[in-house]
Amino acid sequence: DGPDGNAFAIIGLARNIARKSGLDADAIAEEMMDGDYTNVLRVFDRYFGSLVVFETEQEHLIEALSNE
């Protein structure tokens, strides 16, 4: 939630972490953009969930990410 919770900020964060980790930042960003906002979060979580923990009060997002 908040200004850092928009899709562009999350994709930017993913690109930075990917580059520093030696991953293909462009491929990850493309995968994140291939869907809706929930997809952005799911893909981010798959790649970087062990490094970054999202916080939100939006129940539909919590449910969407919990069902994986």
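Structure: see above.
Since the structure is predicted, the reported quantities are computational estimates derived from the model, not experimental observations. (Residues numbered from 1 in each chain as written. Predicted model: local features only at pLDDT ≥ 70, side-chain atom pairs only at ≥ 80, totals over all residues. Heavy atoms only, no water.)

Peer 1: I tried to follow the pattern of salt bridges on my own but got confused; where do I start?
Peer 2: One side chain can pair with another of opposite charge once the charged atoms of both are near each other. Throughout the structure, instances matching the rule amount to two salt bridges. Here Asp 26 ties to Arg 15 by a salt bridge, and the two come within 2.7 Å at their closest N and O atoms. Of this pair, Asp 26 sits in helix H2 (residues 25-33) while Arg 15 sits in helix H1 (residues 7-21), and the two are eleven residues apart along the sequence. Judged by its relative accessible area of 24%, Arg 15 falls in the partly exposed class. A salt bridge links Arg 46 to Glu 31, with the shortest nitrogen-to-oxygen separation between them at 2.6 Å. In this pair, Arg 46 sits in helix H3 (residues 37-48) while Glu 31 sits in helix H2, placing the two residues 15 residues apart along the sequence. Owing to a relative accessible area of 27%, Glu 31 belongs among the partly exposed residues under this scheme. (Salt bridge = Lys/Arg side-chain N within 4 Å of Asp/Glu carboxyl O. Helix = DSSP H or I, 4+ residues; strand = E, 2+ residues; numbered from the N terminus. Buried < 20%, exposed > 50% of the residue type's maximum accessible area, 1.4 Å probe, protein only.)

Peer 1: How do you make sense of the packing of H1 against H3 when you look at a structure like this?
Peer 2: For any two helices packed against each other, the geometry comes down to the angle between their axes and how far apart the axes lie. Remark: H1 packs on H3, axes separated minimally by 10 Å, with the N-to-C direction vectors making an angle of 20°. By the criterion of interaxial angle, the relationship of H1 to H3 is roughly parallel. In the crossing of H1 with H3, the sense of the turn from one axis to the other is left-handed. Each of Ala 7, Ile 10, Ile 11, Leu 13, Ala 14, Ile 17 and Ala 18 in H1 lies in contact with H3, whose residues at this interface are Tyr 37, Val 40, Leu 41, Phe 44 and Phe 48. When its residues are assigned to classes, the contact of H1 with H3 shows twelve nonpolar, no polar and no charged. (Axes fitted to C-alpha atoms, helices over the stretch in contact; angles between N-to-C directions. Parallel < 35°, antiparallel > 145°, perpendicular 65-115°, else oblique. Left-handed = near helix turned anticlockwise from the far one by under 90°. Contact = heavy atoms within 4.5 Å. Nonpolar A, V, L, I, M, F, W, Y, C, P; charged D, E, K, R; others polar.)

Peer 1: How should I be thinking about the packing of aromatic side chains in this particular structure?
Peer 2: The geometry of an aromatic ring pair comes down to the distance between the two centres and the angle between the two planes. For the coordinates displayed, the defined rule picks out three aromatic pairs. Their ring planes at 50° and their centres at 5.0 Å tell us that Phe 44 and Phe 54 sit as a pair that is tilted. Pair noted here: Phe 44 is in helix H3 and Phe 54 is in the loop between H3 and helix H4 (59-66), with a separation of ten residues, a long-range link. Exposure remark for Phe 44: the relative accessible area of 0% places this residue in the buried category. Members of the aromatic cluster, each reached through a chain of ring pairs, are Phe 44, Tyr 47, Phe 48 and Phe 54. (Phe/Tyr/Trp six-rings, centres within 6.5 Å; stacked < 30°, edge-to-face > 60°.)

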